[in-house]
Amino acid sequence: MQLAQKKLLLCQQKDYIQEIKALDFYLRHHKPDSWHRFLTENPEYRELLNEAFTPLSQELAEWVNSPYKKNLSYPEQLQYKTVSGLLVRSKSESMIALLLQMYKIPFRYECALTFGVVTIYPDFTIRHPKTGDYFYWEHFGLMDDSAYQKNAITKLQQYASNGIIPSIHLITTFETKDHPLGPEDIEHLIRHYFT
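My aim in this report is to walk through the structure given alongside it, one point at a time.

Reading the values: rules and limits
- Residues numbered from 1 in each chain as written.
- Predicted model: local features only at pLDDT ≥ 70, side-chain atom pairs only at ≥ 80, totals over all residues.
- Heavy atoms only, no water.
- Pairing = 2+ DSSP bridges.
- Helix = DSSP H or I, 4+ residues; strand = E, 2+ residues; numbered from the N terminus.
- Axes fitted to C-alpha atoms, helices over the stretch in contact; angles between N-to-C directions.
- Contact = heavy atoms within 4.5 Å.
- Core = buried A, V, L, I, M, F, W, Y, C linked by side-chain atoms within 4.5 Å.
- Buried < 20%, exposed > 50% of the residue type's maximum accessible area, 1.4 Å probe, protein only.

## Section: the sheet that holds strand β6 (residues 124–127)
Step number 1: Read across the open sheet, the four strands follow the order β3-β6-β7-β8; overall the sheet is mixed. The strands lining the two open edges of the sheet, one partner per strand, are β3 (107–109) and β8 (170–174). Each adjacent strand pair in this sheet contributes to an overall mean axis angle of 20°, direction not counted.
Step number 2: Summarising the sheet, strand β7 (residues 134–140) and β8 pair through five bridges and their orientation is parallel. Directly across from E138, in β8, lies its bridge partner T172.
Step number 3: Lying on the sheet, helix α5 (residues 91–102) is in contact with β3, β6, β7 and β8; it crosses β6 at an angle near 10°.
Step number 4: The strands touched by helix α7 (residues 183–194) are β6, β7 and β8; relative to β8, the strand with the most contacts, the crossing angle is about 170°.

## Examining the nonpolar core
Step number 1: Ranked by internal contacts, the top residues of the largest apolar core, which has 21 residues, are L100, F124, I126, W137, I190 and F194.
Step number 2: Mapped by element, the contributors of at least two residues to this core are α5, β3, β6, β7 and α7.
Step number 3: Considering every element that reaches this core, the biggest residue donor is α7, with five residues.
Step number 4: Among all residues touching I126, those that are not within four sequence positions of it are W63, L100, I105, P106, F107, D133, Y134, F135, W137 and F194.
Step number 5: Judged by nonpolar contacts, the second largest core, of seven residues, contains L113, F115, Y159 and L170.

Given below as structure tokens:
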């Protein structure tokens with residue numbers, strides 16, 4: 001029994017060391033975005049600047065603000081507040097939402113998408129600001145977890161088998177603890193697809 005406990009503790013220690021390395025890497029390379037914090041912590045400014053984040057087309061603005069069927073699973077995971085007050089599941093999704101708003105790209109977060117009898121909830125359902133075409137953005141943030149990898153592959157297969165092909169109308173981003181998604185990556189994709 002003591003050998004088994006020792007083995008377990010060594011495995012946990014290895015995980016903790018990896019976690020410390022990932023956090024250290026993040027802290028060494030992270031540039032604080034004080035403007036994001038400023039807008040999040042000061043809702044009165046967010047309201048004054050609302051026009052700067054509103055889509056160009058009235059029809060698309062109405063689409064953004066109309067009710068839709070949202071993902072109601074695991075509400076406790078909605079921990080990260082965006083500039084507009086939207087709650088999302090990760091810091092990376094918060095960055096994606098912020099940059100979409102900055103570029104006035106209309107989107108919905110975790111809006112239901114039904115394929116026959118199967119309903120999924122893309123992280124972001126997006127309308128092109130000029131054409132109105134639909135795009136979907138899936139962020140896969142735990143790619144160092146094998147169970148998560150399998151779910152990601154299944155989700156990508158669902159999209160592809162229903163005519164939504166990655167890099168055409170499906171934008172995908174991936175990250176691991178050692179390779180976090182950066183704002184420059186998100187901005188590059190937004191410019192590529194929408195400007």
